[in-house]
Number of protein chains: 2
Amino acid sequence: MANDWATFGADLHLELRGQGLRNGLMNALREAVRSGRLAAGVRLPSSRSLAADLGVARNTVADAYAELVAEGWLTARQGSGTRVARRSDPRPPAAPGRTTTATGAGARTTAGRPAHNLRPGTPDLASFPRAEWLKAARKALMAAPHEAFGYGDPRGRIELRTVLAEYLARARGVYARPERIVVCSGFVHGLELMGQVLRARGVREMAVESYGLDLHWDLIGRTGIRMPALPFDARGTRTEELPALGGTGAVLLTAAHQFPTGGALQPDRRAAAVDWARAAGGLILEDDYDGEFRYDRQPVGALQGLDPERVVYLGTASKSLAPGLRLAWMVLPEDLVDEVLTAKGAVDWVSSVTDQLTFAEFLGSGAYDRHVRAMRLRYRRRRDQLVAAVAARSPGTRVSGIAAGLHAVLELPEGTEDSVVRAAAYQGLALQGINRFRHPTVPRTTDALVVGYATPPDSAWSNALSALCRVLP
Amino acid sequence: MANDWATFGADLHLELRGQGLRNGLMNALREAVRSGRLAAGVRLPSSRSLAADLGVARNTVADAYAELVAEGWLTARQGSGTRVARRSDPRPPAAPGRTTTATGAGARTTAGRPAHNLRPGTPDLASFPRAEWLKAARKALMAAPHEAFGYGDPRGRIELRTVLAEYLARARGVYARPERIVVCSGFVHGLELMGQVLRARGVREMAVESYGLDLHWDLIGRTGIRMPALPFDARGTRTEELPALGGTGAVLLTAAHQFPTGGALQPDRRAAAVDWARAAGGLILEDDYDGEFRYDRQPVGALQGLDPERVVYLGTASKSLAPGLRLAWMVLPEDLVDEVLTAKGAVDWVSSVTDQLTFAEFLGSGAYDRHVRAMRLRYRRRRDQLVAAVAARSPGTRVSGIAAGLHAVLELPEGTEDSVVRAAAYQGLALQGINRFRHPTVPRTTDALVVGYATPPDSAWSNALSALCRVLP
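Sequence order as written defines the numbering, with residues in each chain counted from 1. Throughout, the order in which chains and ligands are written sets their labels, letters from A for the former and numbers from 1 for the latter. Whole-chain, interface and lining totals are the exception, using all residues; otherwise, since this is a predicted model, local features are given only for residues with pLDDT of at least 70 and side-chain atom pairs are given and counted only at 80 or more. Hydrogens and water molecules were not included; the side-chain quantities draw on all heavy atoms of the structure.

Description of the overall build of chain A
Summing up its helical and strand segments, chain A has 14 helices and 15 strands in all. For the exposure calls, accessible area comes from a 1.4 Å probe over protein chains only, and a residue counts as buried if that area is under 20% of its type's maximum, exposed if over 50%, partly exposed in between. Expressed as a percentage of its 473 residues, the buried residues of chain A come to 62%. A fraction of 72% describes how many contacts in chain A between residues 6 or more apart in sequence connect residues 24 or more apart. The protein chains shown are the only cover counted for residues, whose accessible areas, like all others here, come from Shrake-Rupley with a 1.4 Å probe. Accessible area for chain A stands at about 17200 Å²; split by element, carbon and sulfur atoms hold 51% of it. Under the scheme used here, helices are H or I runs from DSSP no shorter than 4 residues and strands are E runs no shorter than 2 residues, and both carry numbers assigned from the N terminus. Should any heavy atoms of two residues lie within 4.5 Å, those residues are considered in contact.

Okay, structure coming up:
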């Protein structure tokens, strides 16, 4: 019976081919536990020895183990090593594998889910305005022309692009016209399309920030485009180094609120990015994932306003409403529209017309503005509570970054990040350290937590915050 | 001013690189007219001379011209050649470029749309059950757990996969379990995922039918997989030739209702396909696009039921409900599930959760069955009217294919197909001949029309049918 480590380990090399290493390892282990191939109680090799065995970095394995402990697949106890957890249900419904964006399950204690979740990346899903959304759906669907239900324009529905153009100009300072907007099924879809366009244009390099999501890097990397990291200092991303990178054809920036380090791109560095793009004929991809959420002042307008012919603006409803809608949008330089449409195909194969029409009505009726205002108040209150609790319970921990978005950075004493994340995992609190977002070529210089304070529903927030305070040094 | 042919024609070579030839030509011409680059009244070169100039088949150009005439971009009059049409609006909203799946606009006469549309590929969009859909949406969204609005399982929502498994077993004889189902955003998305999986498995060849959609062939072709056509005879696709093809690792079949020729795969040939798959370790991709619509008997069950470990079943709501929903599903052999999920990514980046939940409720409540029954009656009546009208008006034309689906094949006297399609286009009736669906390696042996009798709304149907009868020989 192949339910011990030895036989499974031999197959693991093969299974990891072609997948992101950490994700691949996690998926393989989850599947092995799920299927019974690794029985409950089986002891796994140490992260050091498995890493050596697989020829990957030790952190990759340690990280995967810690995640799977947090998710309930494995257990780890000092002295007894890492073991397959005992589970009541041998084949539970699969949990999303990508933990940086996993659902914000609150104070649940079912097997396979952490009791508390403060990972960044997900808004408070309990606040999704179901009744308002359904009201908009009714109005939109009853008013739609018949042809709306057919194969659609790859740009997306004109009703949505029209209201988006108005909204983005008003709320984010974007120079937006409906014919420059292309609806997509999330930022990831937009980035995928841009990767195809850049590759077709012969771009070989896209600069990225020192910290970001490996999902995005993997996506671009699959097109064969290299991704050097821009240097990073106390004031943030050093876009003035773009010319020195040489052959770079594009740069991906989270200008309004760097993810995950939490700063805003400084005015001189906004200008430097645009200057570079003009001089070098480069493109800026602006990932404006949470630009609506600023708590201490009006949000800084989008970088795109500075030069709409050099900046591709990417916005999303995933943080302001819900990721499950799969609604996002690109505002394109005029000369890119046809190339993006060529990449997307002659009709819209992806985005649901019912959601597009509903969102158009939701946006046009003012319901979206009301929802964003309400969530701004709620998230601001949570951030204030987080800052106060940390100050009271852990004077050695500093909250950094601007008062914005859905996450805060908690700077820890040197050398403590991994142990805090691991301690949290063992106590059923899902947390992520900043170093898991570090570009592979960037040296480790800081220890911090990236706390997604928007993730839990209201009912679970104060317990999650208490759990966090318990593990802070 | 570059609004004559000479300067535009010089650029056309470049613009056509990397696009499907006919679609590329059509897009380039549309864009040139839309932007004013080709002014109204400009005379285009003959299809013969442009084809020679571009180094493409003359049919490609003639086909593109006829389509654009039907869409209203160009005009064609005997003696005066093909010219850019005079249009009131210089920048109308772009029409979907892919005419085989263009929206079923009915008796509209606005510029850019044919007055009548009998192209296949779209159901009657006016029959989309909006009120029932909204009722299901309300019930589903109010009952959903919070986590449903987050980043989701790449398989799709469990609520949907559960009711789909029950429905597919009952209605289509599919061996379906929820954990083998993967929701996707249409057949095209499913085929794209399968292309990635097959390529990763090292498959170099996938056999296709002699007639089909070049969109599908292009999609698979982009992965580097070659697509030999299976021979076709009076009884349909000769699957018994699969072993003779040698290295083929997969075959794509429209078993229940061949698109577009309209027959059902014969029992001995269903068996031959499965025998081949077992003996050669091959995979069958079953495109069950309209399997619910059979008018003379109970629909034949899906091929997948014969060997669920060798057949990938692909179903869709695009024909039974509406393409705009972007809802489809694959039922996979057990050993393919992980590979498809690897191709799809660790979370669902594509399919809207609101539509998935709504469709689950719609299906589970019986509303889907009621809708399919109602549409079956409506389409059957239309098909009967088509058969009767053709018999009365054009005794030389024979309606072939089984009484099923959304299209019928009208067999024409030899050598008349192109002129009938062109004559129809000139009269504002959008029609497609069977030879536009012919695999490039298959010789032309027949003249026929592929008439999409489901496309017009009820209010436009009888006029469309009269227009059709006027152009039949």
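Structural notes on the interface of chain B and chain A
Listed as interface residues are 55 residues of chain B and, on the opposing side, 56 residues of chain A. In total, chain B and chain A occlude about 5000 Å² of area from one another, counting both sides; carbon and sulfur atoms represent 61% of this. Considering only the surface of chain B that becomes buried against chain A, Arg 130, Tyr 151 and Trp 349 of chain B emerge as the three largest contributors, covering 18% of it. By definition, a salt bridge exists where a carboxyl oxygen of Asp or Glu is found within 4 Å of a side-chain nitrogen of Lys or Arg. Linking chain B to chain A there are zero salt bridges. As used in this structure description, the phrase polar contact means that two N or O atoms lie within 3.5 Å; if the pair is within protein, one of them must be able to donate a hydrogen and the other to accept it, and residues adjacent in sequence are counted only when both atoms belong to side chains. Where chain B packs against chain A, one counts 22 residue pairs in polar contact (both at pLDDT 80 or more). Contributions of two or more residues to the side of chain B that touches chain A are made by helix H5 (130-143), helix H10 (337-344) and helix H11 (353-364) of chain B. By convention, the term buried area covers the 1.4 Å-probe accessible surface removed from two parts as they join, with the contributions of both added.

Quick word on the packing of helix H11 (residues 353-364) of chain A against helix H12 (residues 367-393) of chain A
All names here are of chain A. Orientation is described by lines fitted to C-alpha atoms, with helices fitted over the stretch in contact, and by angles between N-to-C directions that extend from 0 to 180 degrees. Closest axis-to-axis distance for the H11/H12 pair is 4 Å, and the angle between their directions is 75 degrees. Considered as vectors, H11 and H12 are oriented roughly perpendicular to each other. Contact residues: Phe 359, Phe 362 and Leu 363 in H11; Ala 367, Tyr 368, Asp 369 and His 371 in H12. Residues were grouped as follows: Ala, Val, Leu, Ile, Met, Phe, Trp, Tyr, Cys and Pro as nonpolar; Asp, Glu, Lys and Arg as charged; and all remaining residues, including Gly, as polar. Grouping the constituent residues of the contact of H11 with H12 by class yields five nonpolar, one polar and one charged. Should an angle fall under 35 degrees it is taken as roughly parallel, and over 145 as roughly antiparallel, whereas 65 to 115 is taken as roughly perpendicular and any remaining angle as oblique.

Quick look at the relation of the copies chain B and chain A
The two copies are related by a screw operation: chain B maps onto chain A through 180 degrees of rotation and 0.0 Å of translation along the axis, at an RMSD of 0.1 Å. What the superposition gives is, in effect, a two-fold axis relating one chain to the other. A shared binding surface is used by both copies, with 100% of the interface residues of chain B retained as interface residues in chain A. When the copies are superposed, the least-squares fit draws on C-alpha atoms of residues that have pLDDT of at least 70 in both.

So, the domain arrangement of chain A
Residues and elements named next belong to chain A. Split into domains, chain A comes out as domain 1 (4-84), domain 2 (116-127 + 370-471) and domain 3 (130-368). Per the annotation, domain bounds derive from an automatic or database assignment of domains. Computed over C-alpha atoms, the centres of domain 2 and domain 3 are 25 Å apart. The interface is formed by 31 residues belonging to domain 2 together with 38 residues belonging to domain 3. Surface buried jointly by domain 2 and domain 3 totals about 2800 Å² across both partners, of which 62% is contributed by carbon and sulfur atoms. Its largest share of buried area at the contact with domain 3, domain 2 owes to Arg 370, Ile 402 and Phe 437, together 22% of the area lost on that side.

Let's talk about the pattern of salt bridges
Under the definition given, this model contains 62 salt bridges over all chains. Notably, a salt bridge pairs Arg 201 of chain A with Asp 335 of chain A, separated by 3.9 Å at the nearest N-O pair. One end of the pair, Arg 201 of chain A, is in the loop between helix H7 (187-200) and strand S5 (206-207); the other, Asp 335 of chain A, is in the loop between strand S11 (328-331) and helix H10 (337-344), with 134 residues separating them in the sequence. Residue class for Arg 201 of chain A comes out partly exposed when judged on its relative accessible area of 38%. Residue Arg 238 of chain B pairs with Asp 233 of chain B through a salt bridge whose shortest N-O separation is 3.1 Å. Note on Arg 238 of chain B: relative accessible area 24%, which makes it partly exposed. Among the charged side chains, a salt-bridge network with shared partners connects Asp 233, Arg 238, Glu 240, Glu 241 and Arg 269 of chain A.

Comments concerning the packing of helix H5 (residues 130-143) of chain A against H11 of chain A
Residue and element names in this part refer to chain A. Where H5 contacts H11, the two axes come as close as 8 Å, and the packing angle between them is 105 degrees. Here H5 lies roughly perpendicular to H11, going by the angle between them. Across the interface between the two elements, Glu 132, Trp 133, Ala 136, Ala 137, Lys 139, Ala 140 and Leu 141 of H5 pack against Thr 354, Asp 355, Leu 357, Thr 358, Phe 359, Glu 361 and Phe 362 of H11. Broken down by class, the residue content of the contact of H5 with H11 amounts to eight nonpolar, two polar and four charged.

Points about the nonpolar core
With 70 residues, the main nonpolar core has Met 194, Met 206 and Leu 285 of chain A together with Met 194, Met 206 and Leu 285 of chain B as its most contacted residues. The residues touching Met 194 of chain A, leaving out its near neighbours within four places in the chain, are Leu 283, Leu 285, Val 312, Met 330, Leu 332, Leu 336 and Val 340 of chain A. We call a set of buried residues a nonpolar core when its members are Ala, Val, Leu, Ile, Met, Phe, Trp, Tyr or Cys and they connect through side-chain atoms within 4.5 Å of each other. Counting 69 residues, the second largest nonpolar core, distinct from the first, contains Leu 321, Ala 360, Ala 367 and Leu 406 of chain B.

Quick word on the sheet that holds strand S15 (residues 448-452) of chain B
Residue and element names in this part refer to chain B. Should DSSP find at least two bridges between two strands, the strands are regarded as paired. The strand order across the open sheet formed by three strands is S12-S13-S15, and the pairing between neighbours is antiparallel. Unpaired on one side and paired on the other, strand S12 (398-400) and S15 mark the two borders of the sheet. Strand-to-strand twist across the sheet, computed as the mean angle between neighbouring axes with direction ignored, equals 30 degrees. Pairing of strand S13 (residues 407-411) with S15, which is carried by five bridges, proceeds in the antiparallel orientation. Note on S15: the bridge partner recorded for Leu 410 is Leu 449.

Re helix H9 (residues 267-280) of chain A
Owing to its 3.6 residues per turn, the α-helix brings residues three or four apart onto one side. An expected span of 1.5 Å times one less than the residue number is assigned to each helix. The first and last C-alpha atoms of H9 of chain A sit 20 Å apart over 14 residues, in line with the 20 Å expected at 1.5 Å per residue. If you follow the buried residues of H9 of chain A, they end up packed against strand S6 (232-233), strand S7 (236-237), strand S8 (250-253) and strand S9 (283-287) of chain A.

Observations concerning the confidence of the model for chain A
All names here are of chain A. For chain A, per-residue confidence averages 88 on the pLDDT scale, and 89% of positions sit at 70 or higher. The low-confidence segment residues 88-111 (pLDDT under 50) makes 71 contacts with residues lying over four places distant or belonging to another chain. Both scores are available for the predicted complex, with the pTM at 0.79 and the ipTM at 0.79. Per-residue confidence from the predictor is reported as pLDDT, which spans 0 to 100.

Describing the sheet that holds strand S8 (residues 250-253) of chain B
Residues and elements named next belong to chain B. Taken in spatial order, the six strands line up as S4-S11-S10-S9-S8-S5 in an open sheet, and their pairing is mixed. Of all strands in the sheet, those bounded by a partner on one side alone are strand S4 (181-184) and strand S5 (206-207). Examined bridge by bridge, S8 and strand S9 (residues 283-287) share four bridges and lie parallel to one another. Residue pairing across strands places Ala 250 opposite Leu 283, the latter belonging to S9. Most of the contacts of helix H6 (residues 158-172) go to S4, to which it runs at about 105 degrees, and overall it touches S4, strand S10 (311-316) and strand S11 (328-331). The strands touched by helix H7 (residues 187-200) within the sheet are S4, S5, S8, S9, S10 and S11, with S9 carrying the most contacts at an inclination of about 170 degrees.

Remarks on unusual backbone geometry
All names here are of chain A. With an omega of 5 degrees, the peptide bond between Phe 259 and Pro 260 qualifies as cis. Relative to the elements of secondary structure, Pro 260 occurs in the loop between S8 and H9. Non-glycine residue Arg 326 carries a positive phi angle of around 50 degrees. On the secondary structure map, Arg 326 appears in the loop between strand S10 (311-316) and S11.

Quick look at the environment of Ala 408 of chain B
All names here are of chain B. Considering the arrangement of structural elements, one finds Ala 408 in strand S13. Residue classification places Ala 408 among the buried positions, given a relative accessible area of 1%. In the structure, Ala 408 is positioned 146 residues away from Gly 262 in sequence and 6.8 Å away in space, judged by C-alpha atoms. When sequence neighbours within four positions are dropped, the list of residues in contact with Ala 408 reads Arg 383, Leu 386, Val 399, Leu 449, Val 450, Val 451 and Tyr 453.

Concerning the environment of Gly 236 of chain B
Residues and elements named next belong to chain B. Position of Gly 236 relative to the elements: it lies in strand S7 (residues 236-237). Accessibility expressed as a relative area gives 13% for Gly 236, which makes it buried. Filtering out sequence-adjacent residues up to four positions away, Gly 236 remains in contact with Pro 231 and Arg 269.

Structural notes on the packing of aromatic side chains
Pairing of aromatic rings covers Phe, Tyr and the six-membered ring of Trp, with a centre-to-centre limit of 6.5 Å; geometry is then stacked below 30 degrees between planes, edge-to-face above 60, and tilted otherwise. Evaluation of the coordinates by the stated rule reveals 26 aromatic pairs over all chains. An angle of 70 degrees between the planes, with centres 5.7 Å apart, marks the rings of Tyr 151 of chain A and Trp 349 of chain A as edge-to-face. Of this pair, Tyr 151 of chain A sits in the loop between H5 and helix H6 (158-172) while Trp 349 of chain A sits in the loop between H10 and H11; the two residues are 198 residues apart in sequence, bridging distant segments of the chain. With relative accessibility at 11%, the residue Trp 349 of chain A sits in the buried group. Taken together, Phe 128, Trp 133, Tyr 167, Trp 329, Phe 359, Phe 362 and Tyr 368 of chain A together with Phe 149 of chain B form an aromatic cluster joined through their ring pairs.

Digging into the side chain of Glu 417 of chain A
Residues and elements named next belong to chain A. Within the element layout of this structure, Glu 417 appears in helix H13 (residues 417-426). Think of it this way: Lys and Arg go in the positive column, Asp and Glu in the negative one, and His and the chain ends go nowhere. Arg 444 is the oppositely charged side chain nearest to the buried, salt-bridge-free Glu 417, at an N-O distance of 4.1 Å. Discounting chain neighbours no more than four positions away, the residues touching Glu 417 are Leu 412, Gly 433, Ile 434, Asn 435, Arg 436, Arg 444, Thr 446, Asp 447 and Ala 448.

Comments concerning the pairing of S10 of chain A
Residues and elements named next belong to chain A. S10 sits mainly inside the fold: six of its six residues count as buried. Where burial is concerned, the two faces of S10 agree: the one with Val 311, Tyr 313 and Gly 315 and the one with Val 312, Leu 314 and Thr 316 are both buried. Two strands pair when backbone bridges link them, and S9 and S10 are joined in this way by four bridges, in the parallel orientation. Note that in S10 the partner of Leu 285 across the bridge is Val 312. Summarising the sheet, S10 and S11 pair through four bridges and their orientation is antiparallel.

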